[in-house]
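A structural walkthrough
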Amino acid sequence: MISPHGGRLVDRTIPFDKKEETVHEAAKLSQIEVNPDLARDVENIAFGAFSPLEGFLGQADYDSVIHTKRLRSDLVWTIPILLDASKTEVANIKTGDTVALVDSSRLPFALLAVDEVYGYKKKELAEQVYGTTDPAHPGVAKTSTMKEFLVGGKIRLIDLLFDEFQRFRLRPVETRVLFKEKGWRTVVGFQTRNIPHIGHEYVQKTALTFVDGLFINPVIGKKKSGDFKDEVILDAYTTLLKNYYLKDKTVLAILRTEMRYAGPREAIFHAIVRKNFGCTHFVVGRDHAGVGKYYAPYAAQEIFEEFPDLGIIPLFFRSFFYCNKCQSVVNEKICPHDPSERIDFSGTKLRGTLRNGETAPKELIRPEVAEALQRWKEPFVE
Amino acid sequence: METRSIEVPESLYVRIESRIKGSKFASVADYVSFVLRERLVSEEENAQSHFTKEEEEKIKDRLRALGYL
């Protein structure tokens, strides 16, 4: 079994028999309110999905990650995992304190041992992570709304947050046991934030040809307007797997985190997380984790050259399309025909088809998946 | 990134210097760092899992309940 990033799967959960006293302790502490997406990342840290992180980045790691794409320890890490806090929230907090992290209902769900409180430059953070300061970029826009200070320190998770998708949620320790039980020595991870079309299926099955198992791991969390809703993505994938995939060779489970749309940096981050889940390989397609035209089409593949020590093997795929002449799914490396023969797997086109109540062609999407999608009245994020 | 110096035998240094000519490595330090990282990753991959048999059985029970096993 592949080792987690940094060699050890982090576990920052409070044991069951200590929970009650911890809840009492938490009620007396200063509080920092975190939004739902950040709360999910606290869970991800606690469960080891973000190993080796044990909490939110302190200043030295923050500087190292945004400038060198590595932690101070020299381990590859490209997306800074940060806890922002307001001036009011940090007014009574000092190094060595323990504070309670609370959700919008003010209920403590985790503790944070404060290592440091520090200021940061939003423009620099956006420029380094997203490669742009354009406020139209969703990551830049989000950065501009962050609170004024950052708080670094280790967390301890008291309790799980409510999750309507609990049925699809596995911790890295669970996927590792699952892969072992299935006898998979090599596993390819597939990141997605979309419903599956024929092009995705082709990539997944091509990748699976070379390894023992396929781990389909949709990101469930805040997305941008116009994206498919999480429940729709899961419905589509469940339908596809039931009809077209070998059960013994495929696992579907979700990753609860937000999309950052950080392109190349996020591709590395996604690979590290899947390594922690036990994947030995990771699919990187065209414009992975991209948005608009902020990143070159294959920048998310090229960045892997910088990290020979990543510890997970990237599988690079070109863009697939259906060719009327080949009468199959192909890509530009293997299809000799004129581009006019191509039917592109365009998500935008697919969304347009569904919005108009039309049936998507079978070359684009499996009929069972199309039927499942048509049953949803409002399949898109507002 | 902060760096520290280590010593390698002169003969090894010369061999590496010769090896990296025309390669993607800009210096002997780059090459040595690359090789050491690869070695560390390989060693880490051989690390043992840290949960007990009992914990593993609990995990399998949940996986069965969810239909994964």
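The structure presented is a predicted model; accordingly, all values stated were derived computationally and were not measured.

Counting secondary structure elements, chain B contains 3 helices and 0 strands. Ordered by position in the sequence, the α and β elements of chain B form the string α-α-α. Put simply, chain B has 69 residues, and 3% of those count as buried.

What follows covers the overall build of chain A. Counting secondary structure elements, chain A contains 13 helices and 15 strands. Computed over the C-alpha atoms, the radius of gyration of chain A is 21 Å, within 12% of the 21 Å expected from 2.2 N^0.38 for a compact globule of 382 residues. Residues counted as buried form 47% of the 382 residues belonging to chain A. Excluding contacts between residues fewer than 6 apart, the proportion of contacts in chain A whose partners are at least 24 apart in sequence is 76%.

Inspection of helix α8 (residues 198-208) of chain A places Ile198(A), Gly199(A), His200(A), Val203(A), Gln204(A) and Leu208(A) among the buried residues, and these make up the whole buried set. Where the residues of α8(A) are buried, they touch β7 (187-192), β8 (213-220), β11 (281-284), β13 (320-323) and β14 (328-331) of chain A.

All right, on to the pairing of β7(A) then. In the case of a regular strand, side chains alternate between the two sheet surfaces. Residues and elements named next belong to chain A. For β7, a buried count of 5 out of 6 residues is recorded, marking the element as mostly surrounded by other parts of the structure. Relative to β8, β7 runs parallel, the two sharing 6 bridges. Note that in β8 the partner of Gly-189 across the bridge is Phe-215. A crossover links β7 with its parallel partner β8, the connecting element being α8, and its sense is right-handed. Where β7 lies against β11, 2 bridges are found, and the strand directions are parallel. Bridged to Gly-189 within β11 is Phe-282.

All names here are of chain A. Spatially, the 3 strands line up as an open sheet ordered β14-β13-β15, and their pairing is antiparallel. Strand pairing shows two members of the sheet lacking a second neighbour, β14 and β15 (342-344), which therefore form its edges. Strand-to-strand twist across the sheet, computed as the mean angle between neighbouring axes with direction ignored, equals 45°.

Here we come to the domain arrangement of chain A. How large an interface is tends to be reported as the accessible area lost when its parts come together. Residues and elements named next belong to chain A. Domain boundaries assigned for chain A yield domain 1 (16-157) and domain 2 (166-374). Placing the centre of domain 1 and that of domain 2 at their C-alpha centroids yields a distance of 29 Å. Listed by partner, the interface residues are 21 residues for domain 1 and 25 residues for domain 2. Mapped by element, the contributors of at least two residues to the side of domain 1 that touches domain 2 are α2 (36-47), α5 (122-130) and α6 (138-144). The element contributing the most residues to the side of domain 1 that touches domain 2 is α2, with 6 residues. Looking at the side of domain 1 that touches domain 2 residue by residue, the classes come out as 8 nonpolar, 8 polar and 5 charged.

What follows is about the environment of Gly357(A). Residues and elements named next belong to chain A. Tracing the backbone through its elements, the reader meets Gly-357 in the loop between α12 (347-355) and α13 (367-374). Among the residues examined, Gly-357 registers 7 C-beta atoms within 10 Å and is labelled exposed. Distance from Gly-357 to Gln-374, taken between C-alpha atoms, is 7.5 Å for residues 17 residues apart in sequence.

Our next topic: the nonpolar core. All names here are of chain A. Core analysis: the biggest nonpolar cluster contains 114 residues, and Val-42, Ala-110, Val-151, Val-188 and Phe-215 have the highest contact counts within it. Top element by residues in this core is helix α10 (residues 263-277). It accounts for 7 residues. Inspection of this core shows a minimum of three residues originating in each of domain 1 (16-157) and domain 2 (166-374). Non-local contacts of Phe-215, meaning those with residues more than four positions away in its chain, are made with Thr-175, Val-187, Val-188, Gly-189, Phe-190, Val-251, Arg-274, Phe-277 and Cys-279.

A few words on the packing of helix α9 (residues 230-244) of chain A against α13(A). All names here are of chain A. Two numbers describe how α9 lies on α13: the axes approach to 9 Å, and their chain directions differ by 150°. For the element pair α9 / α13, the angle class is roughly antiparallel. In this structure, α9 meets α13 at a crossing whose hand is right-handed. Every residue of α13 that contacts α9 at Val-232, Asp-235, Ala-236, Thr-239, Leu-240 and Asn-243 is listed here: Glu-368, Val-369, Ala-372 and Leu-373.

The next thing to look at is the confidence of the model for chain B. Residues and elements named next belong to chain B. With 83% of its residues at a pLDDT of 70 or more, chain B has an overall mean of 84. When pLDDT is averaged over each helix and strand of chain B, the minimum, 79, is found for helix α2 (residues 28-45) and the maximum, 93, for helix α3 (residues 53-65). Across the assembled chains, the prediction reports ipTM 0.86 with pTM 0.88.

Before going further, it helps to spend a moment on the pairing of β13(A). All names here are of chain A. Of the two faces of β13, the one carrying Phe-320 and Tyr-322 and the one carrying Phe-321 and Cys-323 are both buried. With 4 bridges joining them, β13 and β14 adopt antiparallel strand pairing. Looking at β14, one finds that Tyr-322 is bridged to Val-329. Counting the residues in the hairpin turn of β13 and β14 gives 4 residues, including Gln-327, whose phi is positive at 55°. Summarising the sheet, β13 and β15 pair through 3 bridges and their orientation is antiparallel. Across the sheet, the residue bridging to Cys-323 is Arg-342, located in β15.

So, about the packing of helix α7 (residues 172-181) of chain A against α3(B). Remark: α7(A) packs on α3(B), axes separated minimally by 10 Å, with the N-to-C direction vectors making an angle of 85°. One way to sum up the angle between α7(A) and α3(B) is to call them roughly perpendicular. Contacts from Val173(A), Glu174(A), Val177(A), Leu178(A) and Glu181(A) in α7(A) reach Glu56(B), Ile59(B), Lys60(B), Arg62(B) and Leu63(B) in α3(B). In the contact of α7(A) with α3(B), the residues fall into 5 nonpolar, no polar and 5 charged.

All names here are of chain A. Following Ser-51, the chain continues into Pro-52 via a peptide bond in cis, with omega recorded as 15°. With respect to the helices and strands, Pro-52 occurs in the loop between α2 and β2 (55-56). Its identity as a non-glycine residue notwithstanding, Tyr-261 has a phi of 60°, on the positive side. The residue Tyr-261 is located in the loop between β10 (255-256) and α10 in this model. Phi at Asp-287 takes a positive value of approximately 50°, unusual for a residue other than glycine. With respect to the helices and strands, the residue Asp-287 is situated in the loop between β11 and α11 (299-302). Note on Asp-287: 20 C-beta atoms within 10 Å, which makes it buried.

Quick notes on the rules
Residues numbered from 1 in each chain as written. Chains lettered and ligands numbered in written order. Predicted model: local features only at pLDDT ≥ 70, side-chain atom pairs only at ≥ 80, totals over all residues. Helix = DSSP H or I, 4+ residues; strand = E, 2+ residues; numbered from the N terminus. Buried ≥ 20, exposed ≤ 12 C-beta atoms within 10 Å, placed from the backbone. Rg over C-alpha atoms; globule rule 2.2 N^0.38 Å. Contact = placed C-beta atoms within 7 Å. Pairing = 2+ DSSP bridges. Right-handed = clockwise from strand over helix to strand, strands pointing away. Axes fitted to C-alpha atoms, helices over the stretch in contact; angles between N-to-C directions. Domains from an automatic or database assignment. Nonpolar A, V, L, I, M, F, W, Y, C, P; charged D, E, K, R; others polar. Core = buried A, V, L, I, M, F, W, Y, C linked by C-beta atoms within 7 Å. Parallel < 35°, antiparallel > 145°, perpendicular 65-115°, else oblique. Left-handed = near helix turned anticlockwise from the far one by under 90°. pLDDT = per-residue confidence, 0-100.

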